[in-house]
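# Working through the structure, step by step
The chain contents come next:
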Amino acid sequence: MRWASPAYVVLLALAFAAFWPGYIGKSMHTINGWTHFHAAMGTLWLLALIVQPWAIHSGRRQLHRMIGRSTYVLMPLVVISFIGLAHASMQGHSPREMGGVAYFFYIRVVLVSLFVIAYVGAIVNRREPAIHARYMVCTGLALVDPVVHRLAHRIELWAFGSEAFDYQLLSFGLVAALLVALIWMERRARVGRHVFPLMLAAFFIGWLPLGLELYKQPAVWNAWKAFAVAFAAFP
């Protein structure tokens, strides 16, 4: 999968642009520790996704294996950073604000779940290179939403002066389009072609409650808000 390294170089560059106003361009001491930790872990994961495919295709198998082993430590740290940042971002909000907070909490839960599913698939199939590589590539898809969301938000504000667009439809739709393209490209592959359809189904399931607008259903939404409030109350 020679395209993987260049693709994630592009995503890293877009992430730099997306997070410049709200994070990179700010004074670091004004930002909480969980944000720094999350940014560091996400950057390290993207760098791993850039270097690993390059290492295997350039014959540097020892480097590839070393980075692979490091993910046994890095992956739990990425998950912890997701959880810690989600918890930190939910503090200090009024009951009225908890609706929006719970919505974004759901997005974070979906993304970290997709990340874990892809990584577990990669590790379970680590002795099957074609399957392993495809699952590892898919771990990075969970990082598309934060980047696309922020870029689209800034573009919409600049162009229209409003914030009416459904950014999750855009970000999840972009991931779905990428997976559909990969499914088409690999339609004749003998091994591993089931990975992208499975991940497409997982992304669709994660997006479906948003597409069905379950957050407008009082019973469902109140139950989710109660869960979000309980999570936020953890010390």
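Note that the structure is predicted; figures quoted are calculated from it, not measured.

## Considering helix α5 (residues 129-139)
Taken across its eleven residues, α5 has eight buried, putting it largely inside the fold. Looking only at α5, the buried set comprises Ile131, His132, Arg134, Tyr135, Met136, Val137, Cys138 and Thr139. Against the buried residues of α5 lie α1 (4-24), α2 (33-57), α4 (98-124), α7 (167-185) and α8 (195-211).

## With respect to the environment of Tyr106
Here Tyr106 is to be found in helix α4. In the structure, Tyr106 is positioned 119 residues away from Lys225 in sequence and 9.7 Å away in space, judged by C-alpha atoms.

## As for the side chain of His87
Considering the arrangement of structural elements, one finds His87 in helix α3 (residues 61-89). On the accessibility criterion, His87 (17% relative accessible area) is buried. Apart from residues lying up to four places away in sequence, His87 is in contact with Phe231, Ala232, Phe234 and Pro235.

## Regarding the pattern of salt bridges
Taken as a whole, this structure holds two salt bridges when the rule is applied. Notably, a salt bridge pairs Arg134 with Glu186, separated by 2.6 Å at the nearest N-O pair. One end of the pair, Arg134, is in helix α5; the other, Glu186, is in the loop between α7 and α8, and 52 residues separate them in sequence. In terms of burial, Arg134 and Glu186 fall into one category: buried. Linking Glu213 and Lys216 is a salt bridge whose minimum nitrogen-to-oxygen distance equals 3.3 Å. Judged by its relative accessible area of 33%, Glu213 is partly exposed.

## Quick notes on the packing of aromatic side chains
What the rule picks out here adds up to 15 aromatic pairs. Ring centres of Phe204 and Trp207 lie 5.9 Å apart, and the angle between their planes is 45°; on these two criteria the pair is classed as tilted. Here the residue Phe204 and the residue Trp207 both occupy positions in helix α8, the gap between them amounting to three residues, near one helical turn. You can call Phe204 partly exposed: its relative accessible area is 44%. Counting every residue linked through ring pairs, the aromatic cluster contains Phe105, Tyr106, Trp224, Phe227, Phe231 and Phe234. Above the ring of Trp184, the side-chain terminus of Arg187 is found at 3.8 Å from the ring centroid.

## Quick word on unusual backbone geometry
Residue Glu213 is not a glycine yet carries a positive backbone phi of 55°. Mapped onto the fold, Glu213 is located in the loop between α8 and α9 (218-232).

## As for the packing of α7 against α8
Where α7 contacts α8, the axes come no closer than 9 Å and their chain directions differ by 160°. With respect to each other, α7 and α8 are oriented roughly antiparallel. The element α7 and its partner α8 pack so that their crossing is left-handed. Across from Gln168, Leu169, Phe172, Val175, Ala176, Leu179, Val180, Leu182 and Ile183 in α7, the residues of α8 making contact are Phe196, Pro197, Met199, Leu200, Phe203, Gly206, Trp207 and Leu210.

## Notes on the confidence of the model for the protein chain
For the protein chain, mean pLDDT is 89; residues scoring 70 or higher make up 96% of the total. The least confident element of the protein chain is helix α6 (residues 144-160), whose mean pLDDT is 81; the most confident is α5, at 94.

## Points about the packing of α2 against α3
Look at α2 against α3: their axes get within 8 Å of each other, and the N-to-C directions meet at 155°. One element, α2, and the other, α3, form an angle in the roughly antiparallel class. Our pair here, α2 against α3, has a crossing hand that is left-handed. The residue makeup of the contact of α2 with α3, split by class, is 20 nonpolar, eight polar and one charged.

Cut-offs applied
- Residues numbered from 1 in each chain as written.
- Predicted model: local features only at pLDDT ≥ 70, side-chain atom pairs only at ≥ 80, totals over all residues.
- Heavy atoms only, no water.
- Buried < 20%, exposed > 50% of the residue type's maximum accessible area, 1.4 Å probe, protein only.
- Helix = DSSP H or I, 4+ residues; strand = E, 2+ residues; numbered from the N terminus.
- Contact = heavy atoms within 4.5 Å.
- Salt bridge = Lys/Arg side-chain N within 4 Å of Asp/Glu carboxyl O.
- Phe/Tyr/Trp six-rings, centres within 6.5 Å; stacked < 30°, edge-to-face > 60°.
- Lys NZ or Arg CZ within 6 Å of the ring centre and 35° of its normal.
- Axes fitted to C-alpha atoms, helices over the stretch in contact; angles between N-to-C directions.
- Parallel < 35°, antiparallel > 145°, perpendicular 65-115°, else oblique.
- Left-handed = near helix turned anticlockwise from the far one by under 90°.
- pLDDT = per-residue confidence, 0-100.
- Nonpolar A, V, L, I, M, F, W, Y, C, P; charged D, E, K, R; others polar.

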